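# Structural features, examined
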Amino acid sequence: MKRAKLLLLAFLVASAWAQAPSAKEIEAVYPDAHALYLDIHQNPELSAHETQTAAKLAGRLRSLGYEVTEHVGGTGIVAILKNGAGPTVMLRTELDALPVEEKTGLSYASKVHTKDDAGHDVPVMHACGHDLHMASIVGTAAIMAHSKDTWHGTLVLIGQPAEETIGGAEGMLKDGLFQRFPRPDVVLALHVDNTLPAGKVGITPGTYNTNSDSIRITIYGKGGHGAMPQTTIDPIVIAARTILALQTIASREVKPGEMVVTTVGYIQAGTKNNIIPDHAEMGLTVRTYKAEVRKQIMAAITRITKAEAEAAGAPREPSIERYEGTDSVYNDPALAQRLRGALESALGKENVVKTEPITTSEDFSYFVEQGIPGFYFSLGGADPEKFAEAEAVGTMLPSNHSPLFAPDLDPALHTGIAAEVAVLRNLLNGSAEDFRKIRPAER
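Below you will find a few notes about this structure. Owing to the predicted nature of the structure, the values given are computational and were not obtained by experimental measurement.

### Re the overall build of the chain
A tally of helices and strands in the chain yields 14 helices and 18 strands. Radius of gyration (C-alpha) of the chain: 24 Å, near the 22 Å computed for a compact globule of 443 residues. Structurally, the chain occupies a C-alpha span of about 85 × 50 × 50 Å along its principal axes. Buried positions account for 52% of the 443 residues belonging to the chain. Of the roughly 19700 Å² that the chain leaves accessible, carbon and sulfur atoms contribute 54%. Within the chain, the 53 negative side-chain charges are centred at a point lying 6 Å from the centre of the 41 positive side-chain charges.

### Concerning helix α9 (residues 291-311)
For α9, which comprises 21 residues, the first-to-last C-alpha distance of 30 Å matches the rise-based estimate of 30 Å (1.5 Å per residue) to within 8%. On its buried side, α9 packs onto β10 (211-220), α7 (235-246), α8 (248-253), β12 (260-269), β14 (279-288) and β15 (319-326). Positive backbone phi, approximately 75°, marks glycine 313, located one or two places after α9.

### A look at the sheet that holds β10
Pairing is antiparallel in the open sheet, where 4 strands are placed in the order β12-β14-β10-β15. The sheet is open, and its two edges are formed by β12 and β15, each paired on a single side. Across this sheet, the average inter-strand angle for adjacent strands is 20°, counted without regard to direction. Bridge analysis of β12 against β14 gives 9 bridges, and the strand direction is antiparallel. Counted as the bridge partner of glutamine 268 is glutamate 281 from β14.

About the criteria used
All chains use their own residue numbering, which begins from 1 and follows the written sequence. For a predicted model such as this one, the threshold for reporting local features is a pLDDT of at least 70, and the threshold for listing and counting side-chain atom pairs is 80 or more; totals across whole chains, interfaces and linings nevertheless cover every residue. Only heavy atoms go into the side-chain values, all of them from the structure, while hydrogens and water stay out. Each helix is a run of H or I in the DSSP string that is no shorter than four residues. Each strand is a run of E no shorter than two, and both are numbered from the N terminus. The atom set for the radius of gyration is the C-alpha atoms, and the globule formula is 2.2 Å times the number of residues raised to the power 0.38. Each residue's exposure class comes from its accessible area (1.4 Å probe, protein chains only) as a fraction of the maximum for that residue type: buried when under 20%, exposed when over 50%, partly exposed otherwise. Calculation of accessible area relied on Shrake-Rupley with a 1.4 Å probe; when residues are assessed, cover is drawn exclusively from the protein chains displayed. Positive charges come from Lys and Arg alone, negative charges from Asp and Glu alone, with His and the N- and C-terminal ends not counted. The location of each charge is read from NZ of Lys, CZ of Arg, CG of Asp or CD of Glu. Expected span, for any helix, means 1.5 Å times one less than how many residues it has. Any two residues whose heavy atoms approach within 4.5 Å at even a single point are treated as in contact. Two strands make a pair as long as DSSP finds a minimum of two bridges between them. Convention adopted: a line fitted to C-alpha atoms gives each axis, helices being fitted over their contacting stretch, and angles between N-to-C directions are expressed from 0 to 180 degrees.

Okay, here's the thing in structure tokens:
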């Protein structure tokens, strides 16, 4: 019995190593992936307008032999490669960039300006690393297409639009993503950031990030002359009181230790210094981990906002609108444990670390909520030397969405390709039944 267990262990280890892409495989596809990165980084497009980005990705995948469908849920693309009987695995990348002016000083920095949906001229930058995600998936797609003897089943690659505005995943689903195309048994994605040095990946079993709710509040007052405030009801003063009161939700209403972020990101009111306006608008982002805490926060925001307006004698009740949101991304623990072994074999055990849940949000959760086990992991993007220096003095490197965000392309891109191929080969060497036994656990 002991000998049988040792033989099984040896077989599993050998299988894991066989699933890891070789350096030769990665180097063969790296030049094209690198070129795509530079191109997309210099030519970013805003959410729901990623026409050229999607076309570039679709063209490369089509040339590799994938069956590609464009314009799914807007500018989204779906690429399918069938390789006999077996499971169906979906790997997603995002397409969109942000209205941020790049200040990295890189020779290939974006200089793009465009009109946003409101008609404003805005700069555009891949400040969240989606260009690196696309380059990784193209390199991965090439290796998988050229090594069909190492896996079996159906590989579905997704180019998703509008992640930054939390609408792309839902849009693709509403356009029949899982009805028009093979329904996956597992869904995967990665995301680059500066919380890990390039060359490493992070795994977070269970809750990966937060629920997100975007709220627009309009407070109504009574406008008038700034020199005669007694004749008015000042909505700016009401808004100021409301902002301060909202910060007591986390400190005084929620159990200590629970994660809550209530940020007022903007306040817009008035047109001139001596005119009291008749309304003020505020924009909030709310982040939570637990569903019950999320419900509590939303109720508290409503109660406080209405109470502050009533206390000031506002002529009408405030408008409180939740206009977008997404649930937290959940990593199936069993799936995460399985794929940790594949990643350790591909990258080295020291380069795969367990990470804590983060406070950002994104819409990959829409795919998991279709009842499909998911695995969403972190790709280190920080220059290893700069990361070590920052860690030594207790400072932080530029985060995603910063105009200074610039992943260390090599080794980050090499690592992204190696990691994606390793997890795909691991999953596409099983059977669909293996994953149908996995059910997303209760959060």
